[in-house]
Amino acid sequence: MNWINNYVRPKINSLFSRREMPENLWTKCDACGTMLFHRELSDNLNVCTSCGHHMGIRPRDRFLTLFDGGIFTEVPVPTPLTDPLGFRDQKKYPDRMRAAQKGTGEKEAMLVAEGEIGRTPVVCAAQDFSFMGGSMGMYVGNAIIAAAQRAVERRRPLILFSAAGGARMQEGILSLMQMPRSTVAIQMLKEAGLPYIVVLTHPTTGGVTASYAMLGDVQIAEPGALICFAGPRVIEQTIREKLPEGFQRAEYLLEHGMLDRVTPRTKLREELLTIVRMLMGLPPAVIADLPPPASFSQGPAEPEAEDTENAAPPRRPAPPDAEPPEAGAKG
Amino acid sequence: MNYLEFEKPLAEIEGKAEELRAMARANPEMDIEQEATALDRKAATMLQELYKSLTPWRKCQVARHPDRPHCKDYIEALFTEYTPLAGDRNFAEDNAVMGGLARLDDQPVVVIGHEKGFDTKTRLERNFGMARPEGYRKAVRLMDMADRFGLPVITLVDTPGAYPGKGAEERGQAEAIARATEKCLQIGVPLLSVIIGEGGSGGAVAFATANRVAMLEHSVYSVISPEGCASILWKDAEKMREAAEALRLTAQDLLKLGVIDRIIAEPMGGAQRGRDQTIEAVGRNLRVMLKETTGKDRAALITERRRKFLDMGSRGLAA
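Note that this is a predicted model, so its numbers are computed, not measured.

In the UniProt entry, the feature "zinc finger region: C4-type" (unreviewed entry) is given for residues 29-51 of chain A. A distance of 9 Å separates the end C-alpha atoms of residues 29-51 of chain A, which is 26% helix and 13% strand.

As C-alpha cells, then:
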C-alpha cells in the first residue's frame, strides 16, 4: 500500500495534473520577464504587452489574425523527395523530420495560404521557425514556387513572412539550390507586375536572407528581428571583433539602408493592406467597415477542408528559441 | 610541393628518392638510379591508390590545396587581352573577385572569378577568396554589361564562402548575394560556370547559377563547410569527416543529383600535380560548353536556365 500511496499515486497525479499546469496559461516574456496571460498575449499577437518584445508566432496563428475573419485557404505545395541524400548526423534526417512534424503539428516549415486582407485578395506564405528552425529545404522552395504561381494565376500580390536559421543542411546542396529556385519564383511575380512584399521576422538568417527574403519590392521587418547572412556568433569567432549594440537587428538594418520599414506586428495588417492596395492601383481601404480579425486564442477558424489534413497545432505561442536554429539550419 | 596530411607516407617516399638523387649528384660514382626508380614506382602506385577513391573529406583538402591553379592562373593561361574592370561604383573594389573583359580564342567574353591568392601577402589582399558585398555588386555590374553587349559570361568559382565580417554585413551582404543570383537568372547571354576548387555556399551560388555548371574532379560544392556543419549538427567541429560524407559535396555526387552538368578530370594526384594539364582541360570544357550555348536566343537561354533550377531536386541519392 505504501508503495502505491507514496509512488504510484503521485506519479499518476503528476501525469494528469500536468495538463492543467499554468505553463500553457502563462508565458514569460523573453525580454522583460513579465508573466503574460496566454489570452492577453495571443490577443496582442505574441507581442509582450509590457515591453513590446516580439515573440515567435506560428504561421497558422498569424494567418488567423491576418486574413479577414481568420478565413484562408491553404495553397497546396508539391511534396518533394524525402531525404534525398540519405542524410544522417547524430540522428537520421527522417527521424528529425518526424519529430518536427509531431512537435509542431505541421507538415513542413512553410505555410502558404490565400484569402483576403481588408477585402483585398492576397497570397501569403509564412515560414515556421519552430519547424527545424524554419530551415529552407526543397519543401520551402516548392512552397515559394507554389505561392508565386498561385499569385500569378490569380493576379494577386504575394506577402511573405520569413523566419529561418538558414538552409537545411540535411538536404545538402539541394537546400543551397533553393536560393536560385526561390529567386526564379520571385522573378515570375515581378514579370507579371505583381507586388512582392517581404516581412522579415525574428530570426531571418543565412541563405534565406541571401535570396527571397531580400528581394521584395517592399522590405518590412518586425522590431528587434535578427536579420543577417552570417550570424553574430560566427562573426565574433571569425574576426574577433566586438560587435556594436543592436548589430544585425531590424532597426540597425533600417539605419543602414537595408530595409524600408520596421513595423510592430500589431500594426502590420493595416500597413500591408495600405501598401498592397496602392501598388495594385486600388482605392484606399475602408478599415472601419471590416469585421475584426479573429483572435487565434478563440481556436482555429476552419480553413477549407481540401488542403488541411493536419490537426490544429498547439495553441501555445512558441517562444523564438523553442527550437534553436542549430537543429536544422545553418546560421 | 606541399603535401596534404593524408599524403604524408607519399611525401616520405618521394623525399627519400629525392635525397638519394641529391646524394648521387654529390658523389658521381654512386649508383642509386635503380633504387630511386624503385622508390618512384612505389610512390606512383601509392599516389594512384590514394587518389583512386578519395573520401569526401580528403577531396575537401585537395580542393583547398594551396598549389592548385587559381582563378588568376586560368585567366592568364586560357584568355587573351584580359582587361580587368574594377569596382562596384558604390563603395569599393573587392580584390577577392577578379573580373573583366577577355577573349577565349577570338570570342570576347566577360570573365569573373574568386581569387584566393598564392602566398601570405596576396592571400590577405584577396581576403582568401571571400568576397564582400562589393564583389557581388561588381559581378552584377559586369553581368549587366555582358548582357547589353551580347557577351557570354564565364565564372570560375573558388571560395570558402562569403566573408563573415562586420562591414560586409552592414553593407548588405545578403542582399548583394541575392541580387547576384537574381542577375545570373536574368541575363540573356550564355552563363558558364566552373567550380575549380571550393564552391562555398551562397558565395558560390551567386556566381554559379549558370546555364552550364562544370566541376573539377576533386573540387567540392556545398551549402556549408564540413567543419561548420560538424560544429552545428555534431556539436563538434572535429567531426568534419562525417559531415563531409553526409553533405554529398563531391563532384561525383552532384552530377548524380543533377546539380552540375559535367566533371572535368584532373591529372593523377590532383590539379596541384598537373597544373597546366588541368588548366588545359578546363579550357577544352569551356569551349565545349560555349559551343553548346552559343546561337541560342535570349529567351531560350533564360528559360533554359530557370527550368534547370526549377527542376532540381527531382533526383535523389538515397540508396
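We are not done yet, so read on.
Attention shifts here to the interface of chain B and chain A. The interface is formed by 48 residues belonging to chain B together with 54 residues belonging to chain A. In this structure, the connection of chain B to chain A is made through one salt bridge. Our count for the contact surface shared by chain B and chain A stands at 12 residue pairs in polar contact (both at pLDDT 80 or more). When residues of the side of chain B that touches chain A are traced back to their parent elements, those giving at least two are helix 7 (166-170), helix 8 (173-186), helix 9 (201-208), strand 7 (220-222), helix 10 (226-234), helix 11 (240-247) and helix 14 (298-310) of chain B. No other element matches helix 8 of chain B, which puts 10 residues into the side of chain B that touches chain A. Considering only residue class, the side of chain B that touches chain A consists of 25 nonpolar, 12 polar and 11 charged.

This part is about a nonpolar patch on the surface. On the surface, A:Leu25, A:Trp26, A:Met35 and A:Phe37 cluster together into a nonpolar patch covering about 360 Å² of accessible area. In this fold, A:Phe37 is placed in strand 2 (residues 35-37).

The subject of this paragraph is the domain arrangement of chain A. Residues and elements named next belong to chain A. One can read the domain layout of chain A as domain 1 (26-55) and domain 2 (56-285). For domain 1 and domain 2, the distance between their C-alpha centroids amounts to 23 Å. Taken together, the contacts link six residues of domain 1 with eight residues of domain 2. Summed over both partners, the interface of domain 1 with domain 2 comes to about 680 Å²; 59% of that surface belongs to carbon and sulfur atoms. On inspection of domain 1 and its partner domain 2, the count reaches zero salt bridges. Summed over the shared surface of domain 1 and domain 2, the number is four residue pairs in polar contact (both at pLDDT 80 or more). Per-class residue counts for the side of domain 1 that touches domain 2 are three nonpolar, three polar and no charged.

Further remarks concern the sheet that holds strand 6 (residues 158-164) of chain A. Residue and element names in this part refer to chain A. With mixed pairing, the seven strands of this open sheet are ordered in space as 3-4-5-6-7-8-9. The open sheet is flanked by strand 3 (72-74) and strand 9 (261-262), the only strands paired with a single partner. Here strand 5 (residues 120-127) runs beside strand 6; their pairing, made up of four bridges, is parallel. Residue pairing for strand 6: Cys124 is matched across the bridge by Ile159. Relative to strand 4 (residues 110-117), helix 5 (residues 138-154) is tilted by about 20°, and along the sheet it contacts strand 4, strand 5 and strand 6.

What follows concerns the pairing of strand 4 of chain A. Residues and elements named next belong to chain A. Of all the eight residues making up strand 4, seven are buried; the element is thus mostly covered by neighbouring parts of the structure. As paired elements, strand 3 and strand 4 share three bridges and run antiparallel to each other. Looking at the pairing, Thr73 lines up with Glu114 of strand 4. Bridge analysis of strand 4 against strand 5 gives eight bridges, and the strand direction is antiparallel. If you follow Met110 over to strand 5, its bridge partner there is Gln127.

Definitions and cut-offs
- Residues numbered from 1 in each chain as written.
- Chains lettered and ligands numbered in written order.
- Predicted model: local features only at pLDDT ≥ 70, side-chain atom pairs only at ≥ 80, totals over all residues.
- Heavy atoms only, no water.
- UniProt positions renumbered as here; feature names shortened; annotations may be inferred.
- Helix = DSSP H or I, 4+ residues; strand = E, 2+ residues; numbered from the N terminus.
- Contact = heavy atoms within 4.5 Å.
- Salt bridge = Lys/Arg side-chain N within 4 Å of Asp/Glu carboxyl O.
- Polar contact = N/O pair within 3.5 Å; in protein donor to acceptor, adjacent residues only side chain to side chain.
- Nonpolar A, V, L, I, M, F, W, Y, C, P; charged D, E, K, R; others polar.
- Patch = residues over 30% accessible without salt bridge, like charges linked within 9 Å, V, L, I, M, F, W, Y side chains within 5 Å.
- Areas by Shrake-Rupley, 256 points an atom, 1.4 Å probe, with all protein chains shown as cover.
- Domains from an automatic or database assignment.
- Buried area = accessible area lost by both parts, 1.4 Å probe.
- Pairing = 2+ DSSP bridges.
- Axes fitted to C-alpha atoms, helices over the stretch in contact; angles between N-to-C directions.
- Buried < 20%, exposed > 50% of the residue type's maximum accessible area, 1.4 Å probe, protein only.

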